[in-house]
There are 6 protein chains.
Amino acid sequence: MSPLAAPPSEPSAKAAVLCEALPYIHRFAGRTVVVKYGGSAIAAEDEQALSLFAEDVVLLRAIGIRPVVVHGGGPQIGALMARLGMVPEFRDGLRVTDAETLDIARMVLVGKVNRDIVGAINLHGPWAVGLSGEDAGFIRAEPRDPALGYVGEVASVDPSILERLLRESLVPVVATIGSDTTGQAYNINADSVAGAVAEALGAEKLVFLSDVDGISTDRADGSSRLSSATPEQLSELVAAGVIAGGMIPKATACSRAVSRGVKSAHILDGRLPHALLLELFTQEGIGTMVSAR
Amino acid sequence: MSPLAAPPSEPSAKAAVLCEALPYIHRFAGRTVVVKYGGSAIAAEDEQALSLFAEDVVLLRAIGIRPVVVHGGGPQIGALMARLGMVPEFRDGLRVTDAETLDIARMVLVGKVNRDIVGAINLHGPWAVGLSGEDAGFIRAEPRDPALGYVGEVASVDPSILERLLRESLVPVVATIGSDTTGQAYNINADSVAGAVAEALGAEKLVFLSDVDGISTDRADGSSRLSSATPEQLSELVAAGVIAGGMIPKATACSRAVSRGVKSAHILDGRLPHALLLELFTQEGIGTMVSAR
Amino acid sequence: MSPLAAPPSEPSAKAAVLCEALPYIHRFAGRTVVVKYGGSAIAAEDEQALSLFAEDVVLLRAIGIRPVVVHGGGPQIGALMARLGMVPEFRDGLRVTDAETLDIARMVLVGKVNRDIVGAINLHGPWAVGLSGEDAGFIRAEPRDPALGYVGEVASVDPSILERLLRESLVPVVATIGSDTTGQAYNINADSVAGAVAEALGAEKLVFLSDVDGISTDRADGSSRLSSATPEQLSELVAAGVIAGGMIPKATACSRAVSRGVKSAHILDGRLPHALLLELFTQEGIGTMVSAR
Amino acid sequence: MSPLAAPPSEPSAKAAVLCEALPYIHRFAGRTVVVKYGGSAIAAEDEQALSLFAEDVVLLRAIGIRPVVVHGGGPQIGALMARLGMVPEFRDGLRVTDAETLDIARMVLVGKVNRDIVGAINLHGPWAVGLSGEDAGFIRAEPRDPALGYVGEVASVDPSILERLLRESLVPVVATIGSDTTGQAYNINADSVAGAVAEALGAEKLVFLSDVDGISTDRADGSSRLSSATPEQLSELVAAGVIAGGMIPKATACSRAVSRGVKSAHILDGRLPHALLLELFTQEGIGTMVSAR
Amino acid sequence: MSPLAAPPSEPSAKAAVLCEALPYIHRFAGRTVVVKYGGSAIAAEDEQALSLFAEDVVLLRAIGIRPVVVHGGGPQIGALMARLGMVPEFRDGLRVTDAETLDIARMVLVGKVNRDIVGAINLHGPWAVGLSGEDAGFIRAEPRDPALGYVGEVASVDPSILERLLRESLVPVVATIGSDTTGQAYNINADSVAGAVAEALGAEKLVFLSDVDGISTDRADGSSRLSSATPEQLSELVAAGVIAGGMIPKATACSRAVSRGVKSAHILDGRLPHALLLELFTQEGIGTMVSAR
Amino acid sequence: MSPLAAPPSEPSAKAAVLCEALPYIHRFAGRTVVVKYGGSAIAAEDEQALSLFAEDVVLLRAIGIRPVVVHGGGPQIGALMARLGMVPEFRDGLRVTDAETLDIARMVLVGKVNRDIVGAINLHGPWAVGLSGEDAGFIRAEPRDPALGYVGEVASVDPSILERLLRESLVPVVATIGSDTTGQAYNINADSVAGAVAEALGAEKLVFLSDVDGISTDRADGSSRLSSATPEQLSELVAAGVIAGGMIPKATACSRAVSRGVKSAHILDGRLPHALLLELFTQEGIGTMVSAR
């Protein structure tokens, strides 16, 4: 396991951690936890981060929790396009996606990033199964804006193939390609897919492993992090401009998922080793938790 | 929960305890752990000990482990006999048990000690069920020595009623009365019953919560405790007189259970708070572990 | 089996009994019959009565009926208190029950009377399982009157542990101790418990084995026994003073159970050999039957 | 039910019959009893006999026994042939059966006698289902002797359709027509079919309801009836000529069935009202019982 | 198989038939098809017709369709009555049925015609099971008109025994005798029974194999056949006298079945080889189809 | 459906095709058919071929056959490498595969070819699920020759994830990447994978859709095609040099699969429209069939 820290040597300190963690282990057993794992976190230079993440996923699965991994891969798509001499075109910050770009995106997400995550988990045992939203047609997409080409939004999610895999104690790893009723594929924002999958599965938790340690009211002031928030509070913070940029889709996905039945959504700093374990099994948790009350 | 200790405040220290504990939690899920809880430990003056013990049992059950409690009650039997003006007769350290003494012993074990343990557990939820070996005839007894009267030995254990309760996530609490084929009841040594029950259930672990911290080669020297031993080593220690007195039946029960399929047997100091949790979920464990190799 | 009577030697007479009994055997197969067996009936001097009762219970079980035995034990509690030099205090005919008295009552009911009934049944096979209402918290109690101490009333019955045992063709034998939500035990009137258990199980029949042959409108006149009555008629007889004394709680329990779904309730003379069989399998039955119409 | 006899009025006499019968009711519950009901017994002039027989079958079914009825119909076949002006030809006591005779026999057995038995049972409830051995090909036949035409012997019995009906608590009523692998139908002796069906079902009992009260060593002396016999004893009696005529196939079928796994076979006087009940549920039984020891 | 036609030798032509048929095979798999097979079609002189019909039934069963055959037998009843010298009496075209006539009809339908169909199917494998409506009381009848004697109408159909056989991949062959609540048997029109059975089973199709190729608006003009019709259109055609005679009960049964949940009803020319296959597995079908729209 | 051919208009000709096909449909229902679909057949210029293939797969699935598609993608891998300016290196006709080449191969097979086949099938309904042999570790690989880099051979196949999908009527589409125990991926020859998957699934048939119409003894002479062969005959033909080049791995896979339990293996001309249907459902079949006798 991870060599990063030594456990406390005092039996009573250990017993205290256990007494704190066991009730959570009981409460989450059999529950589904959807984890959005960002494309940047998977970059080749950070192999240990992927390895630590895979270790957490394997530990959760071992004690009966049902993790689902959803991932993006923007940087990797850009890299292959560059190698092929293609010049990306952006409109309002979104990549314009023609047929060839879609083919590249699909190859990278399904054939590269997804495979790397599956491989990191399967080093521990044959448990991860890679999926694209096209498989069994489980992510139904619709175009977001004609001007953007094959950039899609989630129209619906049919969770039955995911549930089938979870029932067999397998770990679905989802690449965020969807298809419409004519079979046309679309590339979809991974934050939205993670939220929609969590909703469809009636997940206990939706966790965004990001590169900030949660939502802060003042980004310059580390101590201004919110440890918890309601969807209403998030709306106000967006309206007030406190939440901005790439944090907006995460905040929106959290709010939406919580208002549609997911018990809680979390934004954590995925760079903290074992962030998933600490969030799930300690009383105070880490990052920002969004829940109905 | 228990106010005895504060957990370490460092996230990385917590994460380390969790990384150490989770694989054990996974390994023992669904497994049966038979715990012998001594009569002396239940004396009225030590209500907090019973309460901490019940808390551990409840935590084990919560995470899918199947605990079975077996208890004695010698001091309590003696106390009621004294109140009734009866003078106990001992032969070779064993209480001679005539019909009236047996009636008293049965009332105390089944109607008093068993009830107190059931009550302590059920404070957390309606999970404990008290049983006497007479119920569904599950402990078949035979006389140990005619001169001792109704003092019995275990002839056989039919584990089906225990398994039924365990399947329903209930916690059997067993009073050590057995009966022969004519329906005659016998009082049986609780250490032997715990061992026989563990064998019959194919238990993962048999744990004796005693008042010493394991088996030592030199009782005067605390550092001489054996952290592990094989049945063969125990035989040698008994032959050499190193293991003596009340420790002999415990050592014998450990050896016998391990040689008949129980994975490991443990002698712990039951007075250490959360001894059960520390034994089960930490790498080094506590007390003395007896296993085949 | 019982040596009390010779069967008729005429085949046609035998055939007639069988033709009469078989439809009842069919009708009651798989149904639950709750039998209240009184503490006085179990006194040591009447061992044959207990043995005949156990034989009936075993025969019912054999043909697929599901008997549940509920018992009291007032005389036996008094006897032990006397031996311990305790002086019982009564208020309005009810024993004032302090903590020590409760301990004694529980020891006697759970550790002595319950054991004797379990033993008498298990002479035929390993089928009886003794239970106290504390087990799996299945009888929830509340105090009846603060002045009486730990004398309880039934607040609710969770029949799931009984149903589990019945499904396995085991015979629950219930001691009438209940507990409140803080785990405090209470002694409860056995007639009320029998009624509440029958209700909770949706029993086919509730049978009180008492020392009179049913309800009579004129106790001096044997021929005035009612062979059947409705709850309404019982209310009138109580109001008119015809039903009095210890017969009141039995009549009340009958009325209440019938009005809450038990098909019929019966008060029989438990001293008549095989009273249970005659009530269940003959057209005229015996004693007094209470039913909705 | 039957008006033939009054039950004894003494409770103790009734209780004695019940105590005697209940263990048998338990022992035979869920077991299969194959009853051969003779064609002569079903003649129109004896409607009450058929009605009493049907009542017994219905009572057995009600208490969980699984009756299977196998019947012949020689007299009824002869009657229709006579009406059609056909002259039966016999060889060694067996009817020579050409294609037309087979057609008549099949019409009478399947379309008349079988229907009358089904009708008599179904007066009580929709439980009887008439079957010919051709249905689902469950009785495979082979010719007995070319000279006899379509007179068959049992080659094999596939009990699955019978077991299916029995599992649904239905009562199969079997007409003794079988078919060979080319689909050709044959008329088969009903005693042999009853034996083969009992074997194939692993029946508890095979009962022949005949017009004698069992096997006697001296037919002139009623008191010479054997109450029990082994297959070996029957062989000796046949060899010695004591068993003769129409009793030979019954004795043979009894011996054969018992030696192939049927627990016991019985020859009773079917004219005794409720003969089936008396045989099954009384200690002494009636008629002659054939069993392995 | 049938020697009647050679398949086309062109692969592409074969592939085209398969592409046309496979979707129907999929659509009808697991569905129930009730086929009325007329008594006239079974006359002895036309053995090949019965054999081809049986072949179709066996092929349907093989690919997972659940066929149920319902048959009449008027000509055969008349033949046996004539041999017995009985003179049939008709009133308004319906046979007056006294007790003796009913006995004859039942013998012929259940003991002769039903057996012949069962035999023809079972030549291929042990799959057909003959049933009369009396079996398990599954066709409840009521008298049609006192003046007609034991001529019945369908009061209700309990499909459970049919469903049980279908679940086991057996083929029920139904003779159209029903019984009332007193057990009295009645002879019922086979067209009505076929319709009522299709309704009770929620059949996909009800098919009448008749001796015309469907419903024509002008019987003299072959090209006037309706390939499809609604129940309303049929009513108008009956009212206008276009549908007349023996076609009326078929048209009525079609309309009624369709309006009570059967997907479609068909009148085909049963003399066309493999009429059933052509109707089920080709786009255009044959005969006249009645459906809701 | 396909516009390629008109079905024959004669009912009797249609009936003949149906009578020929239905027994095969019955025989193959529920059976698994593994189809190797070549990378060349999927080239973009031949969209109709992929579309006709997908139609056949969908029809097979509809009638209860369980198709599994295994595909390669050599031409597509070469095309992307060319675009990236990479120069492939071959040794003995096999592509030397370094880490970067493997990454490209995996992206193309998993992220492009696999997706195109999944998309073509899912146009008909959400049934296809793409898999790489890494998913749930179901294809365990080992290196073929160190000089070739990451070119692997099949070490073992764990069919459980395929069986799970087949049980849910889904169609697995397999990209031929495997992984070793350290998680390292390998590119494996698709013919070998198809054979190993068929073995592991105990498939009924293994079908190679190639660009020749089977195995011929004289390639110049179309009429020399073998319609069937045994593994032994194939060995002789390989030894004699009659089977050569790219046909060798197909012949070897056929022989090996048949000798390990697959019922039959087939080499067909995949360019013939509906080749799969014609092979499965006509008496003569097409191409060359390899079977044990």
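It should be noted that the structure appears before, not after, this text.
None of the values given here were measured: they were computed from a predicted structure.

K.L.:
Would you take a moment to explain the overall build of chain A for this structure?
P.N.:
In terms of helices and strands, chain A carries 9 helices and 14 strands. In summary, chain A has a C-alpha radius of gyration of 19 Å against a globular reference of 19 Å for 293 residues, a match within 12%. On the principal axes, the C-alpha backbone points of chain A span a range of 60 × 45 × 35 Å. A buried classification covers 53% of the 293 residues belonging to chain A. Across chain A, every contact between residues at least 6 apart in sequence was considered, and the portion connecting residues at least 24 apart equals 74%.

K.L.:
How do you make sense of the pairing of strand β8 (residues 171-175) of chain E when you look at a structure like this?
P.N.:
Side-chain positions along a regular strand alternate between the two faces of the sheet. Residues and elements named next belong to chain E. For β8, a buried count of 5 out of 5 residues is recorded, marking the element as mostly surrounded by other parts of the structure. Here β8 shows a buried face lined by V171, V173 and A175 and a second buried face lined by P172 and V174. In this sheet, β8 lies alongside strand β2 (residues 66-71) in parallel orientation, the contact comprising 3 bridges. Among the inter-strand pairings, H71 is bridged to a residue of β8, identified as A175. Bridge analysis of strand β5 (residues 128-132) against β8 gives 5 bridges, and the strand direction is parallel. Each bridged residue has a counterpart across the sheet, and for S132 the counterpart in β8 is A175.

K.L.:
How do you make sense of the interface of chain D and chain E when you look at a structure like this?
P.N.:
Accessible area lost upon the coming together of the parts serves often as the stated size of an interface. Each partner contributes residues to the interface: chain D has 30 residues there, and chain E has 30 residues. Counting residues per element, the ones that place at least two in the side of chain D that touches chain E are α4 (99-122), β5 (128-132) and α5 (160-167) of chain D. When residues in the side of chain D that touches chain E are grouped by element, the largest group, 11 residues, is from α4(D). A per-class count over the side of chain D that touches chain E returns 13 nonpolar, 8 polar and 9 charged.

K.L.:
Just checking my understanding: could you explain the sheet that holds strand β5 (residues 128-132) of chain F for this structure?
P.N.:
For sheets, the rule is that strands pair by backbone hydrogen bonds, running either parallel or antiparallel. All names here are of chain F. Strands sit in the order β5-β8-β2-β1-β11-β13-β14-β12 across an open sheet of 8 strands; the sheet is mixed. Taken across any chain shown, the strands that pair with only one partner, and hence form the sheet edges, are β5 and β12 (228-229). As paired strands, strand β1 (residues 32-37) and strand β11 (residues 205-210) are joined by 5 bridges and run parallel to one another. Residue Y37 lies in a different strand from β11, and its bridge partner there is L209. Along the sheet, helix α8 (residues 247-259) makes contact with β11, β13 (264-269) and β14 (288-291), crossing β13 at roughly 155 degrees.

K.L.:
Just checking my understanding: could you explain the interface of chain A and chain F for this structure?
P.N.:
On the chain F side, the residues contacting the 30 residues of chain A number 30 residues. When residues of the side of chain A that touches chain F are traced back to their parent elements, those giving at least two are α4 (99-122), β5 (128-132) and α5 (160-167) of chain A. With 11 residues, α4(A) is the single largest residue contributor to the side of chain A that touches chain F. Split into classes, the residues belonging to the side of chain A that touches chain F amount to 13 nonpolar, 8 polar and 9 charged.

K.L.:
In this structure, what is going on with the pairing of strand β13 (residues 264-269) of chain D? I would like to understand it.
P.N.:
Residue and element names in this part refer to chain D. Two elements, strand β11 (residues 205-210) and β13, share 6 bridges in a ladder whose sense is parallel. Bridge assignment links V207 to a residue of β13, and that residue is H266. Relative to strand β14 (residues 288-291), β13 runs antiparallel, the two sharing 4 bridges. Across the sheet, residue H266 finds its bridge partner in β14, namely M289.

K.L.:
Help me understand the relation of the copies chain D and chain E, please; the structure alone is not making it clear to me.
P.N.:
Taken together, a rotation about one axis and a shift along it account for how the two chain copies relate. For the pair chain D and chain E, the best superposition has an RMSD of 0.1 Å and corresponds to a rotation of 180 degrees with a translation of 0.0 Å parallel to the axis. Both chain copies can therefore be described as sitting about a two-fold axis. Residues of chain D ranked by C-alpha distance from the rotation axis are headed by D:G111, positioned 2.1 Å from it. A shared binding surface is used by both copies, with 100% of the interface residues of chain D retained as interface residues in chain E.

K.L.:
Whenever I open this one, the packing of helix α6 (residues 190-201) of chain D against helix α8 (residues 247-259) of chain D confuses me. Can you help?
P.N.:
Relative orientation and spacing of two packed helices are given, respectively, by the angle between their axes and the distance between those axes. All names here are of chain D. Where α6 contacts α8, the axes come no closer than 9 Å and their chain directions differ by 10 degrees. Here α8 runs roughly parallel to α6, going by the angle between their axes. Residues D191, S192, A194, G195, A198 and E199 of α6 form the contact with α8, whose participating residues are P249, K250, A253, R256 and A257. Grouping the amino acids of the contact of α6 with α8 by side-chain chemistry returns 5 nonpolar, 2 polar and 4 charged.

K.L.:
How should I be thinking about the sheet that holds β8(E) in this particular structure?
P.N.:
Strand order across the open sheet formed by 8 strands is β5-β8-β2-β1-β11-β13-β14-β12 (chain E), with mixed pairing between neighbours. Edge positions in the sheet fall to β5 and β12 (228-229) of chain E, since each has one partner strand and no second.

K.L.:
Can you help me understand the relation of the copies chain A and chain F in this one?
P.N.:
The transform that puts chain A on chain F rotates by 180 degrees and translates by 0.0 Å along the axis, for an RMSD of 0.0 Å. Taken as a fraction of all interface residues of chain A, those also at the interface in chain F reach 100%, which identifies the copy contact as same-surface.

K.L.:
Help me understand the environment of F:K263 in this model?
P.N.:
Note on placement: F:K263 falls in the loop between α8 and β13. Sequence separation of F:K263 and F:V34 is 229 residues, and the distance between their C-alpha atoms is 12 Å.

K.L.:
What is the right way to read helix α1 (residues 11-28) of chain F from this model?
P.N.:
Turn by turn, an α-helix covers 3.6 residues, leaving residues three or four places apart pointing in a common direction. With 18 residues, α1(F) extends 25 Å between its outermost C-alpha atoms, agreeing within 8% with the 26 Å of an ideal straight helix rising 1.5 Å per residue. The largest bend in α1(F) amounts to roughly 30 degrees and is located at F:A21, with the proline F:P23 lying one to four residues further along. Buried residues of α1(F): F:K14, F:A15, F:A16, F:V17, F:L18, F:C19, F:A21, F:L22, F:I25 and F:F28, and no others. Residues of α1(F) that are buried sit in contact with α1 (11-28), α2 (47-62) and α9 (275-281) of chain E together with α9 (275-281) of chain F. One or two steps after α1(F), the chain reaches F:G30, where phi turns positive at roughly 80 degrees.

K.L.:
Would you mind going over the nonpolar core with me for this structure?
P.N.:
If you look at soluble globular proteins, the nonpolar side chains tend to sit buried side by side. Ranked by internal contacts, the top residues of the largest apolar core, which has 592 residues, are A:V197, B:V197, C:V197, D:V197, E:V197 and F:V197. In contact with F:V197, not counting residues within four places along its chain, are F:V34, F:V68, F:V70, F:V157 and F:V174.

K.L.:
Explain unusual backbone geometry here, please?
P.N.:
Trans is the prevailing form of peptide bonds, just as negative phi is the prevailing case for residues other than glycine. Of note in the backbone geometry, B:H274 takes a positive phi value of approximately 60 degrees without being a glycine. Within the secondary structure layout, B:H274 lies in the loop between β13 (264-269) and α9 (275-281). Looking at B:H274, the number of C-beta atoms within 10 Å reads 24, which means it is buried. Even without being glycine, D:A136 reaches a positive phi, approximately 50 degrees. Among the secondary structure elements, D:A136 is positioned in the loop between β5 and β6 (139-143).

K.L.:
How do you make sense of helix α6 (residues 190-201) of chain C when you look at a structure like this?
P.N.:
Residues and elements named next belong to chain C. Here α6 contains 12 residues, and its C-alpha end-to-end distance of 16 Å stays within 8% of the 16 Å for a straight helix at 1.5 Å per residue. Within α6, 12 of the 12 residues are buried, which leaves the element mostly enclosed by the surrounding structure. Every buried residue of α6 is listed here: A190, D191, S192, V193, A194, G195, A196, V197, A198, E199, A200 and L201. Once α6 finishes, G202 follows within two positions and takes phi at roughly 55 degrees, a positive value.

K.L.:
It is not clear to me how the environment of A:D191 should be interpreted in this structure. Could you clarify?
P.N.:
Residue and element names in this part refer to chain A. Looking at where D191 falls in the secondary structure, it is placed in helix α6 (residues 190-201). On a C-alpha basis, the gap between D191 and T176 in space is 9.3 Å, while along the polypeptide they are 15 residues apart. What D191 contacts, discounting residues up to four positions off in sequence, is K36, P249, K250 and A253.

The rules behind the values
- Numbering of residues starts from 1 in every chain and runs along the sequence as written.
- Here chains are named by letter from A upward and ligands by number from 1 upward, in the order in which they appear as written.
- For this predicted model, a pLDDT threshold of at least 70 governs which residues receive local features, and a threshold of 80 or more governs which side-chain atom pairs are given and counted, while totals over whole chains, interfaces and linings are taken from all residues.
- Going along the chain from the N terminus, every DSSP run of H or I of four or more residues is numbered as a helix, and every run of E of two or more is numbered as a strand.
- A radius of gyration in this sense is built from C-alpha atoms; the matching globule rule multiplies 2.2 Å by the number of residues raised to 0.38.
- The burial criterion counts other C-beta atoms lying within 10 Å of a residue's C-beta, which is placed from the backbone; the residue is buried at 20 or more, exposed at 12 or fewer, and partly exposed between these limits.
- Contact between residues is assigned whenever the C-beta positions, reconstructed from backbone atoms, fall within 7 Å.
- Any two strands between which DSSP finds at least two bridges are classified as paired.
- Amino acid classes used here: Ala, Val, Leu, Ile, Met, Phe, Trp, Tyr, Cys and Pro are nonpolar; Asp, Glu, Lys and Arg are charged; the rest, including Gly, are polar.
- For helices, the fitted line uses only the C-alpha atoms of the stretch in contact; every axis is such a line through C-alpha atoms, and the angle between N-to-C directions lies from 0 to 180 degrees.
- Alignment of the copies relies on least squares applied to C-alpha atoms, considering only residues that score at least 70 for pLDDT in both.
- Orientation labels follow simple angle bins: below 35 degrees gives roughly parallel, above 145 gives roughly antiparallel, 65 to 115 gives roughly perpendicular, and whatever is left gives oblique.
- In this scheme, a helix's expected span is set at 1.5 Å multiplied by one less than its residue total.
- Across the chain, bend at a residue is computed as the angle between axes fitted to the seven residues ending at that point and the seven starting from it.
- As used here, a nonpolar core is made of buried Ala, Val, Leu, Ile, Met, Phe, Trp, Tyr and Cys residues. They are joined through C-beta atoms within 7 Å.

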